[in-house]
Amino acid sequence: MRRSRVTSFDVAEAAGVSQSTVSRALAGSPSITEETRSRVEAAAAALGYHVDARAARLRSGRTGTMAIVVVGRAGSDPTRVSGFHYALLGSTCAAAAECGYQSLVAFQSDPGEFAWNYVAQGQADGLVVMGTSVNRAAWNDLLATAPQGPVAVWGAPFDDERWVRAENREGAVLAVERLIAAGHKRIGFLGTVDAEHPQFAERYEGYREALVRHALPVGEPLAVVGDDRVAAGREAVAAMLGAPDPPDAIFAANDAIALGALEALGRAGARVPEEFGVVGFDGLAAGVHSHPPLTTIEPDFAEAGRALVSRICYPDVAPTRRVPVRLIERGSVRPVR
């Protein structure tokens, strides 16, 4: 016959105490003496009793779960998000686990599938949203819904108290300073700068700041159009190289654009890094395998995850708004002269 499940009443009988004492002892209540706690724990171990964590969470009003929504491009498979957002998702789940939370992950891209009220529905204690900034329908729906509970966002095309971002301007300065140190004088910027790409706008500010400091010409941002950033990067560089006075280096607003730029430069016969320098932004693992390997600006993913999760774990602590970045040297910029 199948053995019935051991309950707290069984533990109470074995330990010679009341069921309420068992509950308080296993919950760590200071009202229980160490002698009684030890006796209860020994009885529970002998019987194979485990506390029903779900029931305990229900009694406390907490779920022990954090909802994480990843926003993809409208009209696309919602799971086909960038390598950057998968890396950020991983670090956020790891940070949630450090804080004692499980992660409930959802991928969303089109109206009809948007869902933000995980706290109101009793599914989670807080919400983290990350993803592409160009899906305005998703971000506008998030604004209109105003979900309950603490919310943290990465990638939103709007500014409010919930956003967390990389040190975009400082990272761009690092990238351009590296190209200048390698002897480049005509540095172009690849990336669309508009209201849908606030992170690109911040990176363009850093690009401009570094060039002005060195009295070098500042190029207008070359728009990169299309959902396939690698293909769009290839097309943008082909157009850039056809200009009367083409640049001798590129700072790309993200790594996908930079990878496309490297492909286009190779097809055009431009030698990288000997004749042409390229730096990206995001720290994608794919950059290790490009030809040559892509030098990039990488945000601290672990810190990014912690900054997002801290909004839910520590709502009364002043939030981290900016995540530090670093230059990752690979091979697409020649050594400093």
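Scroll up for the structure.
**Q** Give me the sheet that holds strand 7 (residues 249-252): which residues, what numbers.
**A** Strand order in the open sheet made by the five strands is 6-7-8-9-11, with mixed pairing throughout. Only two strands of the sheet have a single neighbouring strand rather than two, namely strand 6 (187-190) and strand 11 (325-328). Neighbour to neighbour, the strand axes of the sheet diverge by 20° on average, direction disregarded. In terms of strand pairing, strand 6 meets strand 7 through four bridges, oriented parallel. When the sheet's bridge partners are listed, Leu190 is paired in strand 7 with Ala252.

**Q** Run through the packing of aromatic side chains, naming residues and quoting values.
**A** Under the counting rule described, the total for this entry stands at nine aromatic pairs. Arranged with centres 6.0 Å apart and planes meeting at 45°, the rings of Tyr86 and Phe107 form a pair that is tilted. In this pair, Tyr86 is assigned in helix 5 (residues 83-98) and Phe107 in strand 2 (residues 102-108), connecting sequence segments 21 residues apart. Judged by its relative accessible area of 36%, Tyr86 is partly exposed. Taken together, the ring pairs in this structure connect Phe189, Tyr204, Tyr207 and Phe251 into an aromatic cluster. Geometry around Trp163 places Arg321 over its ring, the cationic atom sitting 4.2 Å from the centre.

**Q** Describe the environment of Gly191, and please don't skip the residues or the numbers.
**A** By the element assignment, Gly191 lies in the loop between strand 6 and helix 8 (198-213). By relative accessible area, Gly191 is classed as buried at 0%. Sequence-wise, Gly191 and Ile32 are 159 residues apart; in three dimensions their C-alpha atoms are separated by 63 Å. Those residues in contact with Gly191 that lie beyond four places of it in its chain are Phe200, Pro221, Leu222, Ala223, Val224, Ala253 and Ile257.

**Q** Explain the state of the cysteines to me, and be specific about the residues and the numbers.
**A** Under the criterion given, the structure shown has one disulfide. Here Cys99 connects covalently by a disulfide to Cys313, the sulfurs 1.9 Å from one another. Residue Cys99 is located in the loop between helix 5 and strand 2, and its partner Cys313 is located in helix 11 (residues 301-313); the two are separated by 214 residues in the primary sequence. By relative accessible area, which is 25% here, Cys99 ends up partly exposed. Cysteine Cys93 remains unbridged, with the sulfur of Cys313 as its closest cysteine sulfur at 13 Å. Under the relative-accessibility criterion, Cys93 is labelled partly exposed at 23%.

About the thresholds
- Residues numbered from 1 in each chain as written.
- Predicted model: local features only at pLDDT ≥ 70, side-chain atom pairs only at ≥ 80, totals over all residues.
- Heavy atoms only, no water.
- Pairing = 2+ DSSP bridges.
- Helix = DSSP H or I, 4+ residues; strand = E, 2+ residues; numbered from the N terminus.
- Axes fitted to C-alpha atoms, helices over the stretch in contact; angles between N-to-C directions.
- Phe/Tyr/Trp six-rings, centres within 6.5 Å; stacked < 30°, edge-to-face > 60°.
- Buried < 20%, exposed > 50% of the residue type's maximum accessible area, 1.4 Å probe, protein only.
- Lys NZ or Arg CZ within 6 Å of the ring centre and 35° of its normal.
- Contact = heavy atoms within 4.5 Å.
- Disulfide = S-S within 2.5 Å.

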